[in-house]
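So you can see what is in the structure, the chains are spelled out below.
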Amino acid sequence: NAIKAVEAESEAIAHAIELCVAAFRTGGRLFYVGAGTSGRLGVLDASECPPTFSTPPEMVQGIIAGGDVALRRSVEGEEDKPESGACAVQKRQLTPQDVLVGIASSGRTPYVIGALREAHAIGATTILLCCVPPPEQLKGWVTHFIAPIVGPEIIAGSTRLKAGTATKLVLNMLTTVSMIKLGKIYNNLMVDVHASNTKLVARSIRIVQAIIGVDAAVAEEALARAGGRAKLAIVMLAKGLNPTDANILLEEHEGFLRQILD
């Protein structure tokens, strides 16, 4: 089953997280590259980082064969072109500080392999996430492999099923645990949430209340002064600071709330 297959790769996933965190700490970015289901899952995970963790959109990026139109309908043939994968990498101007995760359930999607080859040539860290034993011919230029072996699909060849589930789990772990290690979570609370709608404003108020122990009106007022940034509001209330000084304190502690509060 997909969950057991992912569990068996926990060490490989942990190492990949360390590679991502090291990249983020030096200003590097994380790119996901895939075709079809794999590409859609990469774009999904990347697109959820800014609202959840207030990361800039360029920090985690999803690239899908065929471009954004392929998110809604299949773009046949694009996944068979390694040169298209290489071109997508060139367009994003990868650097040696970046990490590229190629997602290919079969381990052999030409578009993904083209992207991995190009990223390796640039000097970026390359990771292949596949659901088969890692192909030998890729071992020369892929830095690291994550290979949850899910076995045959319930519908033969339909990798949106077990392979898709395993892929979603792994991608969630890569970004979520990396963000925890970057100080974007306090206990189990998303203190870096970007309060961009009514639901998230209400959640931000509850987060400030839970950590500081103030009533909703006080939390709401602090959030307004903090420009909707829960973490900043928490520091302002905890330390009796204005937004500017609270922000300086956060920067001094590299965004780690625990170091300030504890």
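Residues numbered from 1 in each chain as written. Predicted model: local features only at pLDDT ≥ 70, side-chain atom pairs only at ≥ 80, totals over all residues. Heavy atoms only, no water.

A. Region of the structure containing the layout of surface pockets. In this structure, the largest pocket encloses a volume near 390 Å³. Taken together, 19 residues make up the lining of the largest pocket; nearest its centre are Leu182, Lys184, Asp192, Glu254 and Gly255. Broken down by secondary-structure element, the contributors of at least two residues to the lining of the largest pocket are helix H2 (10–25) and helix H11 (243–252). Looking at which element gives the most residues to the lining of the largest pocket, the answer is H11, with 3 residues. In the lining of the largest pocket, the residues fall into 6 nonpolar, 6 polar and 7 charged. What the second largest pocket holds in volume is close to 330 Å³. (1 Å grid on protein atoms, 1.4 Å probe; cavity = no way out; pocket = protein on both sides within 12 Å on 5 of 7 lines; lining within 4 Å. Points joined across faces, edges and corners; volume = space filled by probe spheres on them. Helix = DSSP H or I, 4+ residues; strand = E, 2+ residues; numbered from the N terminus. Nonpolar A, V, L, I, M, F, W, Y, C, P; charged D, E, K, R; others polar.)

B. Fine view of the pairing of strand S4 (residues 125–129). Burial analysis of S4 places 5 of its 5 residues in the buried class, which makes it a mostly covered element. Here S4 shows a buried face lined by Thr125, Ile127 and Leu129 and a second buried face lined by Thr126 and Leu128. Bridge count for strand S3 (residues 99–103) against S4 is 5 bridges, and the pairing is parallel. Residue pairing across strands places Val101 opposite Ile127, the latter belonging to S4. As paired strands, S4 and strand S5 (residues 144–146) are joined by 3 bridges and run parallel to one another. From the neighbouring strand, Leu128 faces S5, where its bridge partner is Phe145. (Buried < 20%, exposed > 50% of the residue type's maximum accessible area, 1.4 Å probe, protein only. Pairing = 2+ DSSP bridges.)

C. Local environment of the UniProt feature "domain: SIS" (unreviewed entry) in the chain. Mapped onto this numbering, the UniProt entry annotates "domain: SIS" (unreviewed entry) at residues 20–184. Helix makes up 40% of residues 20–184 and strand 14%. Its end C-alpha atoms lie 15 Å apart. (UniProt positions renumbered as here; feature names shortened; annotations may be inferred.)

D. Looking closely at the nonpolar core. Among the nonpolar cores identified, the biggest contains 35 residues, and Tyr32, Val60, Val101, Ile146 and Leu174 are the most heavily contacted of them. Secondary structure elements with two or more residues in this core: helix H1 (2–8), H2, strand S1 (30–34), helix H3 (36–47), helix H4 (49–53), S3, S4 and helix H7 (162–181). With 9 residues, the top contributor of residues to this core is H2. Excluding residues within four positions of it along the chain, Ile146 makes contact with Glu9, Ala12, Ile13, Ala16, Ile127, Leu128, Leu129, Cys130, Val170 and Leu174. Core analysis: the second largest hydrophobic core is formed by 24 residues, Ala104, Ala115, Trp141 and Ala147 among them. (Core = buried A, V, L, I, M, F, W, Y, C linked by side-chain atoms within 4.5 Å. Contact = heavy atoms within 4.5 Å.)

E. Just the environment of Pro152, in detail. Among the secondary structure elements, Pro152 is positioned in the loop between S5 and H7. Along the sequence, Pro152 and Val69 sit 83 residues apart, while their C-alpha atoms lie 29 Å from each other.

F. Looking closely at the environment of Lys184. Mapped onto the secondary structure, Lys184 falls in the loop between H7 and helix H8 (198–212). The spacing of Lys184 and Ser54 is 130 residues in sequence and 8.6 Å in space, taken between C-alpha atoms. Apart from residues lying up to four places away in sequence, Lys184 is in contact with Phe53, Thr55, Met179, Leu189, Met190, Val191, Asp192 and Lys231.

G. Representation of the side chain of Thr167 within the structure. Note that Thr167 resides in helix H7. Residue classification places Thr167 among the buried positions, given a relative accessible area of 2%. Not counting the four nearest positions on each side in its chain, Thr167 is found in contact with Leu41, Ile103, Leu129 and Cys131.

H. Representation of the packing of H8 against helix H9 (residues 216–225) in the model. Where H8 meets H9, the closest approach of the two axes is 9 Å, and the angle between their N-to-C directions is 115 degrees. Overall, the two elements H8 and H9 adopt an arrangement that is roughly perpendicular. For the element pair H8 and H9, the recorded crossing hand is right-handed. Along its contact with H8, which presents Val201, Ser204, Ile205, Val208 and Gln209, the element H9 presents Ala216, Ala219, Glu220 and Leu223. Split by residue class, the contact of H8 with H9 holds 6 nonpolar, 2 polar and 1 charged. (Axes fitted to C-alpha atoms, helices over the stretch in contact; angles between N-to-C directions. Parallel < 35°, antiparallel > 145°, perpendicular 65-115°, else oblique. Left-handed = near helix turned anticlockwise from the far one by under 90°.)

I. Looking closely at the pattern of salt bridges. If you walk through the whole model with that rule in mind, you get 8 salt bridges. The partner of Glu78 in a salt bridge is Lys81, and the shortest N-O contact between them spans 3.0 Å. When its relative accessible area of 19% is taken as the criterion, Glu78 is described as buried. For Lys81, a relative accessible area of 34% gives the class partly exposed. Close ionic contact of Asp192 with Lys184 constitutes a salt bridge, the shortest N to O distance being 3.6 Å. Considered together, Asp192 and Lys184 belong to a single accessibility category, that of buried residues. (Salt bridge = Lys/Arg side-chain N within 4 Å of Asp/Glu carboxyl O.)

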